[in-house]
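This is what each chain is made of:
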Amino acid sequence: MRDGKFNDRIIFMSDSKQNKLPSKSSLLEQYKIYRSGFETILNTIEYGLRDTITLPSKPTLKSRVKSFDSYYRKVLRVKPEVNGDFPLPLLTDMMGIRIICAFLEDLTVVEQQIKDNFVVKEIERKGASLSFKEFGYESVHILVEIPRDIVSAAACTGFNLPRDCVCEIQIRTILQDAWAEVEHELIYKSEFSPFDLPLKRKLASINASLSLADIIFQEIRDYQNKLNREIDFRRNAFYSKADSIARDSFPTDDVHHENTQQITSPYVRGTIDDMLLAAIQCHNAGEMEKAVKIYTDIVESKPTPNNVILSVILKHRGMAFFAQNKYDEALNDFQQSVSYQPENFRSLYYIGIVYSVQGDNEKAIDFFNQSLMINEHQSHVYYRRALANYNLSNYVEASSDLATANSMGLDDDDCRHLQECLMKKFDMNM
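Residues numbered from 1 in each chain as written. Predicted model: local features only at pLDDT ≥ 70, side-chain atom pairs only at ≥ 80, totals over all residues. Heavy atoms only, no water.

**Considerations on the pattern of salt bridges**
Stage number 1. Counting across every chain of the model gives 20 salt bridges.
Stage number 2. Here Asp297 and Lys293 are joined by a salt bridge, their closest N and O atoms 3.1 Å apart. With Asp297 and Lys293 both in helix H8 (residues 288–299) and 4 residues apart, the pair spans about one turn of that helix.
Stage number 3. One salt-bridge network, held together by shared partners, links Lys62, Arg98, Arg172, Asp177 and Glu181. (Salt bridge = Lys/Arg side-chain N within 4 Å of Asp/Glu carboxyl O. Helix = DSSP H or I, 4+ residues; strand = E, 2+ residues; numbered from the N terminus.)

**Remarks on the sheet that holds strand S3 (residues 120–126)**
The strands making up a sheet associate through backbone hydrogen bonding, with each pair oriented either parallel or antiparallel.
Stage number 1. The sheet built from 5 strands is open, its strands ordered S1-S2-S5-S4-S3 with mixed pairing. Edge positions in the sheet fall to strand S1 (60–65) and S3, since each of these pairs with one other strand and no more. Adjacent strand axes in the sheet meet at a mean angle of 20°, parallel and antiparallel pairs treated alike.
Stage number 2. Two elements, strand S2 (residues 95–101) and strand S5 (residues 166–173), share 6 bridges in a ladder whose sense is parallel. Pairing of Cys101 across the sheet is with Thr173, part of S5.
Stage number 3. Strands S1, S2 and S5 of the sheet are contacted by helix H1 (residues 24–52), whose axis makes an angle of about 165° with S1.
Stage number 4. Against the sheet, helix H3 (residues 104–117) makes contact with S2, S3, strand S4 (139–145) and S5, and its axis sits at roughly 160° relative to S5, the strand it touches most. (Pairing = 2+ DSSP bridges. Axes fitted to C-alpha atoms, helices over the stretch in contact; angles between N-to-C directions. Contact = heavy atoms within 4.5 Å.)

**Some details on the packing of helix H14 (residues 395–407) against helix H15 (residues 413–428)**
Stage number 1. Relative orientation of the contacting elements H14 and H15 amounts to 150°, with a least axis distance of 11 Å. Between H14 and H15, the angle is such that the two are roughly antiparallel. Considering the relative orientation of H14 and H15, their crossing is left-handed. When H14 is examined against H15, the residues Tyr395, Val396, Ala398, Ser399, Leu402 and Asn406 are found in contact with a partner set consisting of Cys415, Leu418, Gln419, Leu422, Lys425 and Phe426. (Parallel < 35°, antiparallel > 145°, perpendicular 65-115°, else oblique. Left-handed = near helix turned anticlockwise from the far one by under 90°.)

So, in structure tokens, the structure goes:
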């Protein structure tokens, strides 16, 4: 049944016999007695799931014990067998938890995490068998055994669960859940389902639109993840070059990134997003002239991009100039980036790096200070400021900055080398 709610199958006890169902009043009394026990068990499972499910985007969890009215209607409809050892006929959806995720990729991750932490009895993929002409909600339904420690804890309170009792866990995206809720109101809870063909077509169109939206959201998410990896690589290459210069070891070749994976942009060709992706790919492949040209095309595009976009693009172009040893051009771009977005702490940091490379350590420290005023959680900026202070013979300040960088987890060869140099200076002054 496509009701958008928890599954309606029944647990049939293997050792039970067909008995006449108790009266509604008798079932209600028993249900009241056992409902609190089901709620306690369900809350414990949900609490465990919140620790078990780990995603970059935090999922939403909903849980419920079936209401008596809903339970009774279903019991009348399916006429379950009654277990003589338990006063209530049990349904597989007596206890249900729904995990609502942001992206399609999250569904597979959550499913695997559930498999890793529970004994799974059954998995059903709702909507997977529907043709493109049909409409219906999609959802992954997983029946899991109640963990033994929870069963034992319940038994200590006098609540003895049947051996075959399960909990149903549903996994959906936000849009799948929205469709299921609306469909439930329009179809399942209504006096009649729409028979009129135009109405059916409208419902099918809505479902298709939501499914397409899920796919597009996932494509954009994939693009962002790939782009972030490219940006991280480019930023690390930028820092590596600055580190090499600080060690008075100028590299003979720029760092090139062999980009063997073709990244397909979900954006329309020629848009700023599409151009930025192309520029970063050229940048990481060492094709700096091409990257600079694309960055420049974005800056000069019409209509003029807003200040935030200009700040970001100029920062990227400045990094491309820096990679080509064009420090004046890089400095100019970083300064323009800050003029468009004064809170851009990375551009302020990069201005400091250029000044330090050019030997102007006092100006470098000034911009490192400005960057740290906006974001104090930058271990590399403390290291850079320590290095600039060392070059100015401010050894106490340099030691303090280096200690701060170490306390934030930065402890590489360059830090250790600077520490050794500082120790020698302190020994000489004793």
